[in-house]
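What follows is the residue order along each chain.
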Amino acid sequence: IIARTPKDADLTPTVSISGEVIYPGSLVLQNSKTTAYDLIRESGGLTEFGYLPGSYLLRQGKPLAADFKSKSNPVTLLAGDQMVIISEKEPVITTGNVKAPTTFVWLKNRRAKYYIRNSGGTGERPEDKFVVYPSGKTKSIGWFKNPRVMPGSQLVVTQRPEKVQKEGGAFID
């Protein structure tokens, strides 16, 4: 006798939560309407350093852009989801074409340009500036764009390549 399980049947669908929660680990998914808030509540809630706005969800190994602060549009979980609650203690890092790449302690009301200025500013020929959030989401920094920075963010400044002079005096980009 051979007993086969249907290929779409998952005997115990689980989700996991890690980071700044009281009881991190795996939990059985109770129903198809379980939300991220339910998962946090089942895990004992956030620790004193848990930072929900910067937290993210991994679905099939890829970050899922979700707003966990929104109560009007809750994030529904699927089997295999992994929720990561980041800490307010996570540093902010500046990299790329800044004069002094630095790791900073995250400060609540500081924005992107503050961290770039405190890294000595940009180097020669800056091209693009952007913030990479822990979830993988990015926002550009510009003349009128100075996005908020979350713990664990990375600020990246790219450098415009040098122009190569062609024979005859013409420049090539």
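Look up: the structure comes first, before these words.
Residues numbered from 1 in each chain as written. Predicted model: local features only at pLDDT ≥ 70, side-chain atom pairs only at ≥ 80, totals over all residues. Heavy atoms only, no water.

(A) Broad picture of the packing of aromatic side chains. Scanning the entire structure with this criterion turns up 3 aromatic pairs. Relative to tyrosine 115, the ring of tyrosine 114 lies with its centre 5.2 Å away and its plane at 85°, an arrangement referred to as edge-to-face. Judged by relative accessible area, which is 0%, tyrosine 115 ranks as buried. A connected cluster of aromatic rings, assembled from ring pairs, spans Phe104, Tyr114 and Tyr115. Lying across the ring of phenylalanine 49, lysine 89 places its NZ or CZ 4.0 Å from the centre. Lying over the aromatic face of tyrosine 114, arginine 110 brings its terminal NZ or CZ to 4.4 Å of the ring centre. (Phe/Tyr/Trp six-rings, centres within 6.5 Å; stacked < 30°, edge-to-face > 60°. Buried < 20%, exposed > 50% of the residue type's maximum accessible area, 1.4 Å probe, protein only. Lys NZ or Arg CZ within 6 Å of the ring centre and 35° of its normal.)

(B) Examining the sheet that holds strand β8 (residues 126-132) more closely. Across the sheet, 5 strands lie side by side as β7-β6-β10-β8-β9; this open sheet has mixed pairing. Edge strands, defined here as strands with exactly one partner in the open sheet, are β7 (103-104) and β9 (138-140). (Pairing = 2+ DSSP bridges. Helix = DSSP H or I, 4+ residues; strand = E, 2+ residues; numbered from the N terminus.)

(C) Quick peek at a positive patch on the surface. Together, Lys69, Arg111, Lys137, Lys139 and Arg148 line one region of the surface with positive charge. Looking at lysine 137, the relative accessible area reads 46%, which means it is partly exposed. (Patch = residues over 30% accessible without salt bridge, like charges linked within 9 Å, V, L, I, M, F, W, Y side chains within 5 Å. Areas by Shrake-Rupley, 256 points an atom, 1.4 Å probe, with all protein chains shown as cover. Salt bridge = Lys/Arg side-chain N within 4 Å of Asp/Glu carboxyl O. Lys, Arg positive; Asp, Glu negative; His and termini not counted. Charge placed at Lys NZ, Arg CZ, Asp CG, Glu CD.)

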